[in-house]
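Now for the letters of each chain:
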Amino acid sequence: MTDQAKTQKIQKINGVRGMNDLLPADAAQWTHLEHVLRDLTRAYGYEFLRTPIVEATAVFQRGIGEVTDIVEKEMYSFEDRLNGEQLTLRPEGTAAVVRSVVENNLLYEGPKRLWYTGPMFRHERPQRGRYRQFHQFGIEAMGFAGPDIDAEIILMGQRLWDELGLKGVRLEINSLGQAPERAEHRAALVTYFEKNKEQLDEDSQRRLLTNPLRILDSKNPAMQDLIEGAPKLLDFLGEESLKHFEAVQALLKANNIPCKINPRLVRGLDYYNLTVFEWITEELGAQGTIAGGGRYDPLIERMGGKAAPACGWAMGMERVLELMKVSGSLPEPQAQCDAFVIHQGGETLTAAMIIAERLRNAGIDVILFCPPDGQSASFKSQMKKADASGAAYAVIIGPDELAQNEAQLKDLRSTGVQKAVALDGVVDAVIDAIVGSTE
Ligand code: HAM
């Protein structure tokens, strides 16, 4: 069989649906976002924590709650092939961070402000802004009970949107109170929904018995009027919960952060109490929530740690990058390098490689031309490559230049001027040119 026939027979293997490659053309945007996030966490004294992508399934069952979409329908779970342990690709960061904090006794010396980033996995139906592998940036402040930290983490979000130049992001906020308040509200909800049972869809009928609060989360258009008329949790809050909620709002107001109280905001995870919030935009279609979070005081104890209050939020990085695109605030594409080194093979390649290394020693980013066929390429095609690389300068070492112990230095962007430079002086000449062009 000829090579051509062989390649025709071999089928290509595609990536998994809903799990995307980060292609080189988009890499600079991600790097930019990551830099802004690092600066943000430093500005507020948050420390980096990395947990594994795989955790025991129980971390999420217990952390997020059994009767949630994530745990019921969306987790990538599997059995360890040797010991049969139930494992899961993390669908979110909070439960895993709490697992790590408890296991490593990180609150031993007092409260902690933590941040993390990385891929998360949910088996949802892929569409714009909703993927099966997506990336979150999240912060978790642990060991702080007061409304000050709720306000601080919200201020961090607002600062981030401003820094990234996002337009049209609104903050919605609610309080889920404490467990006894939710129990009273739950009883009232069950009575209300039972009275109107025929209007509930199948999912909600099931949830009426297991987790009626989740019914408020339903996006089913046929149930919206019914949900609108349901008893509101805010009306069941006691004095302490109300005081906390009002204090958070007062701090936000004092910092000029507008927010809208949304009594139907319940979040899709079961660990929350008191303050919950989401940042939402209309610019991205159906998947308009770019970030969400809240207080989750019961979780650390529920995961086996010594009881400690906590709160945090996480954002979807793909959604935020998409909104940056819509807002016109993505960074300009950057040049791949400062200098592109051109040669004609043989001894000129040897000289070019040495010069390229010297330039890199001086902190200059360099692409050395390597001919695709391993032989040589015309001067013209190399100049085209140099131009496409975005380099500001081309360093040209042909046989004539080498014979003179020289290189040609060509300005590719501003003046187009080309001049001969001694080989020993190439590094200084490129530095002078770069410094000169930025003065
Ligand atoms: P979450 O609301 O499930 O919260 O997710 C946070 C953000 O992740 C969402 O607002 C959204 O931007 C993004 N996201 C979620 N699912 C997908 C998906 N399938 N595709 C793309 N983006 C997605 C949490 O995960 C909590 N752990 C947040 C938290 C931290 N609460 C307290 N601390």
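Structure's up top.
Residues numbered from 1 in each chain as written. Predicted model: local features only at pLDDT ≥ 70, side-chain atom pairs only at ≥ 80, totals over all residues. Heavy atoms only, no water.

As for the site of the ligand
Close to the ligand lie 26 residues, the nearest being Glu92, Thr94, Glu124, Glu140 and Tyr272. Between a nitrogen atom of the ligand and a side-chain N or O atom of Glu124, the distance comes to 2.7 Å. A distance of 3.0 Å separates an oxygen atom of the ligand from a polar atom in the backbone of Ile290. Protein chains bury 96% of the 660 Å² of accessible surface belonging to the ligand in isolation. Secondary structure elements with two or more residues in the shell around the ligand: strand E6 (133–142), strand E10 (289–295) and strand E11 (310–316). Here the shell around the ligand is composed, by residue class, of eleven nonpolar, eight polar and seven charged. (Near = heavy atom within 4 Å. Polar contact = N/O pair within 3.5 Å; in protein donor to acceptor, adjacent residues only side chain to side chain. Areas by Shrake-Rupley, 256 points an atom, 1.4 Å probe, with all protein chains shown as cover. Helix = DSSP H or I, 4+ residues; strand = E, 2+ residues; numbered from the N terminus. Nonpolar A, V, L, I, M, F, W, Y, C, P; charged D, E, K, R; others polar.)

Side note on the nonpolar core
Met142, Phe193, Leu216 and Tyr296 are the most contacted members of the largest nonpolar core, which has 46 residues in total. Sort the elements by how many residues they give to this core and helix H5 (residues 94–103) lands first, with five residues. Leaving out residues up to four positions away in the same chain, Phe193 has contacts with Leu200, Leu208, Pro212, Ile215, Leu216, Leu226 and Ala230. Core analysis: the next-biggest nonpolar cluster, separate from the first, contains 40 residues, Ala141, Ile154, Phe245 and Leu321 among them. (Core = buried A, V, L, I, M, F, W, Y, C linked by side-chain atoms within 4.5 Å. Buried < 20%, exposed > 50% of the residue type's maximum accessible area, 1.4 Å probe, protein only. Contact = heavy atoms within 4.5 Å.)

With respect to a nonpolar patch on the surface
There is a patch of nonpolar side chains on the surface, built from Ile53, Val54 and Phe78 and spanning about 210 Å² of accessible area. Mapped onto the secondary structure, Ile53 falls in the loop between strand E1 (47–48) and strand E2 (54–56). The class of Ile53 is partly exposed, set by a relative accessible area of 34%. (Patch = residues over 30% accessible without salt bridge, like charges linked within 9 Å, V, L, I, M, F, W, Y side chains within 5 Å. Salt bridge = Lys/Arg side-chain N within 4 Å of Asp/Glu carboxyl O.)

Let's talk about the state of the cysteines
On inspection of all chains with the given rule, the structure shows zero disulfides. Cys311 provides the cysteine sulfur closest to Cys259, a residue in no disulfide bond, and the two sulfurs are 15 Å apart. (Disulfide = S-S within 2.5 Å.)

Remarks on the packing of helix H7 (residues 179–195) against helix H8 (residues 202–210)
In a packed pair of helices, the relevant descriptors are the angle between the two axes and the axis-to-axis distance. Closest axis-to-axis distance for the H7/H8 pair is 10 Å, and the angle between their directions is 145°. Our pair here, H7 against H8, has a crossing hand that is left-handed. Of the residues in H8, those touching H7 at Arg186, Val190, Phe193 and Glu194 are Leu208, Leu209 and Thr210. When the residues that make up the contact of H7 with H8 are grouped by side-chain class, the tally is four nonpolar, one polar and two charged. (Axes fitted to C-alpha atoms, helices over the stretch in contact; angles between N-to-C directions. Left-handed = near helix turned anticlockwise from the far one by under 90°.)

What to know about the packing of aromatic side chains
What the rule picks out here adds up to ten aromatic pairs. Seen from their ring centres, Trp115 and Phe137 are 5.8 Å apart, and the 45° between their planes marks the pair as tilted. You can see Trp115 sitting in strand E5 (residues 112–121) and its partner Phe137 sitting in strand E6, a full 22 residues away along the chain. Overall, the relative accessible area of 6% leaves Trp115 in the buried class. Plain terms: the ring middles of Trp161 and Trp279 are 5.3 Å apart, the flat faces sit at 75° to each other, and that makes the pair edge-to-face. A residue pair is termed long-range when its members are at least 10 positions apart, and Trp161 in helix H6 (residues 147–164) and Trp279 in strand E9 (residues 273–281) qualify at 118 residues. Taking the relative accessible area as the measure of exposure, Trp161 reaches 2% and is therefore buried. (Phe/Tyr/Trp six-rings, centres within 6.5 Å; stacked < 30°, edge-to-face > 60°.)

Things to note about H8
Among the residues of H8, those classed as buried are Ser204, Arg207 and Leu208. Projected onto a plane normal to the axis of H8, the buried residues spread over an arc of 115° and lie on a single side. Of the exposed residues in H8, the ones pointing more than 90 degrees away from its buried face are Glu202 and Leu209. Residues of H8 that are buried make contact with helix H4 (69–74) and H7. (Arc of directions from axis to C-beta.)

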